[in-house]
Amino acid sequence: MYLIAIILYAIPIFIIQTFLGQFSTSGLISAFRVAPLFKGIGYSILLLNLISLAYYGIVAAVPLIYAANSVHTVIPWMSCDNAWNTPNCSTHSTYDVDELALDPHATVEFFRYIILSDDSSPHEYVISWPVLCGTVGVWLLTLGILLKRVSFIGKFFRCICVIMFAVFLAIFVHLLCYIKLDWETFVSYFKPTLSNSFNGVLGGMRTAILMSTWLLGPGWGNVLTLASHNRFHRDSEKLTYWVSGTHVLLAFMAMICGRIAFDHFEDHVGFLHFHFDEEHYMQFLYLCFAYLFGSFTTLPNFWCFLFFGMIFLAELSAIIIQMMSVLTALFDEYEQLRTKKSRITIALSLLMLAVSIYFCTKKGFEHLDLLPNIVILSHLIISIVLLLMTTWIYGRERFQCDLQFMLGKTITSFKIFLIRFLTPAFFVLSFIQTLYFLERDNSPTALVIVSQCVIYAIAPAYMIYKVCQTNGTLRNRLKQCFAPHDWHPVDADNRRFYEEIMGVSEMLVMDGGEENCAVNA
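Fair warning: this is a prediction, and the values are worked out from it, not measured in the lab. (Residues numbered from 1 in each chain as written. Predicted model: local features only at pLDDT ≥ 70, side-chain atom pairs only at ≥ 80, totals over all residues. Heavy atoms only, no water.)

Engineer: Even after reading the chapter, I still don't get the nonpolar core, so can you show me in this structure?
Structural biologist: Note that soluble globular proteins tend to have their nonpolar side chains buried in a common cluster. Membership of the largest hydrophobic core comes to 144 residues, with the highest contact counts inside it found for L20, Y66, F293, F308, I320 and M323. A total of 19 residues in this core trace back to one element, the largest contributor, which is helix α11 (residues 300-333). Each residue touching I320, except ones within four places of it in the same chain, is listed here: T142, I145, L146, I153, F156 and F157. (Core = buried A, V, L, I, M, F, W, Y, C linked by side-chain atoms within 4.5 Å. Buried < 20%, exposed > 50% of the residue type's maximum accessible area, 1.4 Å probe, protein only. Helix = DSSP H or I, 4+ residues; strand = E, 2+ residues; numbered from the N terminus. Contact = heavy atoms within 4.5 Å.)

Engineer: What am I meant to see in the packing of aromatic side chains here?
Structural biologist: Note on aromatic pairs: each is described by the distance of the centres and the angle between the planes. Within this structure, the stated rule accounts for 42 aromatic pairs. Measuring from centroid to centroid gives 6.0 Å for F289 and F293, while their planes differ by 20°, and the two rings are stacked. With a gap of four residues between them, F289 and F293 both fall in helix α10 (residues 283-294), about one helical turn apart. F293 carries the same exposure label as F289, and that label is buried. A centroid spacing of 4.7 Å and a plane angle of 15° characterise the contact between F289 and F307, whose relative ring orientation is stacked. With F289 in helix α10 and F307 in helix α11, the pair connects residues that are 18 residues apart, well separated along the chain. Using a relative accessible area of 5% as the deciding quantity, one classes F307 as buried. Over the aromatic face of W392 sits the side chain of R420, whose NZ or CZ is 3.8 Å from the ring centroid. (Phe/Tyr/Trp six-rings, centres within 6.5 Å; stacked < 30°, edge-to-face > 60°. Lys NZ or Arg CZ within 6 Å of the ring centre and 35° of its normal.)

Engineer: I'm lost on the side chain of Q22 in this one. Help?
Structural biologist: Mapped onto the elements, Q22 comes out in helix α1 (residues 2-24). Among the polar contacts made by the side chain of Q22, one reaches the main-chain carbonyl oxygen of R231 at a distance of 3.2 Å. Those residues in contact with Q22, other than ones at most four positions away along the chain, are A227, S228, N230, R231, F232, H233, R234, S236 and M406. (Polar contact = N/O pair within 3.5 Å; in protein donor to acceptor, adjacent residues only side chain to side chain.)

Engineer: For this particular structure, what's the right way to read helix α5 (residues 150-179)?
Structural biologist: In an α-helix, one turn spans 3.6 residues; hence positions three or four apart end up facing the same way. For α5, spanning 30 residues, the distance from its first C-alpha to its last is 43 Å, which sits close to the expected 44 Å at 1.5 Å a residue. Among the residues of α5, I153, F156, F157, I160, M164, V167, F168, I171, F172 and L175 are the ones counted as buried. Summarising the contacts, the buried residues of α5 are in contact with α4 (129-146), α9 (236-268), α10 and α11. One or two positions beyond α5, positive phi appears at K180, with a value near 55°. (Expected span 1.5 Å × (residues − 1).)

Shown next, in the form of C-alpha cells:
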C-alpha cells in the first residue's frame with residue numbers, strides 16, 4: 001500500500017507542485033495564475049500552513065527536550081530519582097507477560113511529564129514549561145535563519161540533509177549490529193502485523209497514505225515553493241524520481257529501526273497498547289526509541305543525543321520550509337511588502353510563537369492526537385482540487401506541452417493518463433477511508449471543525465468574488481476566470497519562445513496524437 005500510495009499519490013502531486021512552482025517562479029498564491037478562479041485555494045493553503053506552524057513548534061520542541069536531557073550523566077528517563085517520578089516508578093527490564101498491570105516505567109513517566117498526561121491539576125490549560133522553553137528556542141532559531149539570505153538558507157539545508165543522512169545511517173548500522181539481526185527476523189519485519197480483516201486493510205491503507213504525504217512535507221505547498229527557486233529547464237521529473245526513491249529507501253530503513261525499537265520495548269518494559277497507552281500519536285517514537293538507546297551498554301547518552309538531535313533537525317527544517325512557503329507567497333503576491341521583509345518575518349515568527357503557547361498546555365496536547373487524520377484529509381482535499389485544475393480545467397494538452405517545454409523533453413501520454421485517471425480514483429478511496437477513521441478514532445473538537453471550515457470556505461468565497469468582478473454573461477465570466485492570466489516563464493527569452501509556440505496551435509499536436517511541444521532550443 002505504501003508503494004502504491006507513492007506511485008498514485010505522492011509522485012503525481014510532487015510533479016504538479018514542481019511544475020507550478022518552477023514554471024511560474026512564484027509562490028503558492030501567484031502560481032494559481034494558471035487558473036485565476038482557483039486562486040482562493042492559494043489563500044486556503046496559506047492559512048493551512050499557518051495553522052500547521054502553530055503546533056509544529058511543539059513537534060520540534062519535544063525531540064529538542066530529549067536531546068538536551070540526554071547530555072546528563074544519568075539519562076532522566078532511565079532513572080526514578082527525578083522530581084516528576086511517582087512512588088510506583090520502576091526501572092524494570094523484565095516483566096511477567098501475564099500481568100494485567102505493571103508499575104509505570106521511568107521512560108513512560110518522563111513522557112507523561114513532558115505532555116502533562118498524568119497531571120492532577122483540574123485546570124486544562126496548565127503549561128508544560130519544558131515544552132514552552134523548547135518552543136521558544138525553536139522559534140528564535142527559526143527566526144535567526146529566516147533573516148539570512150536565500151543562498152545561506154539553501155546551504156544550510158544541504159548541510160542539514162547530509163548530517164541527518166549520515167547520522168541516520170550510523171544509527172541504522174549500529175542497531176543492526178547491536179541486536180545481531182538475522183535474515184529470518186529481517187524478512188519478518190516486512191510482513192504485515194495487522195489482522196486480516198477489513199479494519200486491518202483500512203488501517204494499513206491509512207498508514208501508507210500518511211507515510212506518502214511525508215514526501216510532500218508538512219502543511220502544503222512546500223514542494224511548490226522550493227521548486228520556484230529551480231532553474232527553468234531543470235529536469236525536475238528526474239529529481240522527483242530521485243527524491244521519491246530516496247524517501248522509499250529511508251522509509252524502509254526507518255520501518256526496520258521502528259520494529260527493532262518496538263520489539264525491544266515489549267521484550268523489556270511492557271506491551272505498548274496494553275500495559276502502557278498514553279493515547280498520543282507521539283508515544284511510539286518517544287517511548288520505544290528513548291528506552292532502546294537509553295538501555296545501550298556503551299555510550300547511551302551519545303546515541304540518544306544523535307537520534308533525538310536528528311529528529312529535531314528534521315522538524316526544524318520542516319518549520320523553516322513552511323515559513324518560507326508562507327513568506328514567499330506573501331511577497332510574490334504583494335510586492336509592496338518586500339520592502340518590509342525583515343519586519344514581517346519577525347512579526348510572523350513571534351505571532352506563531354504566541355499561538356504555539358496554547359499547544360504547550362495539557363488541552364493543547366490533546367489536539368495533537370488528531371493530527372495524522374487531519375493532515376491526510378487536508379492533503380487529499382487540496383491535492384484533488386489541484387489535480388483537477390491543472391490536468392482537466394487548464395487542459396491535458398496545455399499541461400503536457402507546458403511540462404515538456406519546461407523540461408525540454410517528451411512526457412508520454414501514459415504518464416498524463418496516470419495522473420488524470422488513476423490518481424483521482426485513488427484519492428476517492430483514500431478520502432472515504434480517512435473520514436471513516438477520523439469519525440471512529442476521534443470525534444473532531446469544535447476548534448478543529450471551525451478551523452477546517454474557515455480554511456475550505458476561503459476558496460469558494462474567492463471564486464464568487466472573482467466572478468462578480470468580471471463583466472458579461474455568466475458563461476463569459478466563468479470563461480474569463482478559468483483562462484490563464486499572465487501565465488508564462490519569467491525569463492524573457494523563454495517567455496518569447498513560449499508565446500510563439502502557444503500562438504501556433506498546430507505545433508502542439510504531433511506524432512499522431514502524442515502531444516509534444518517543439519522545444520528544440
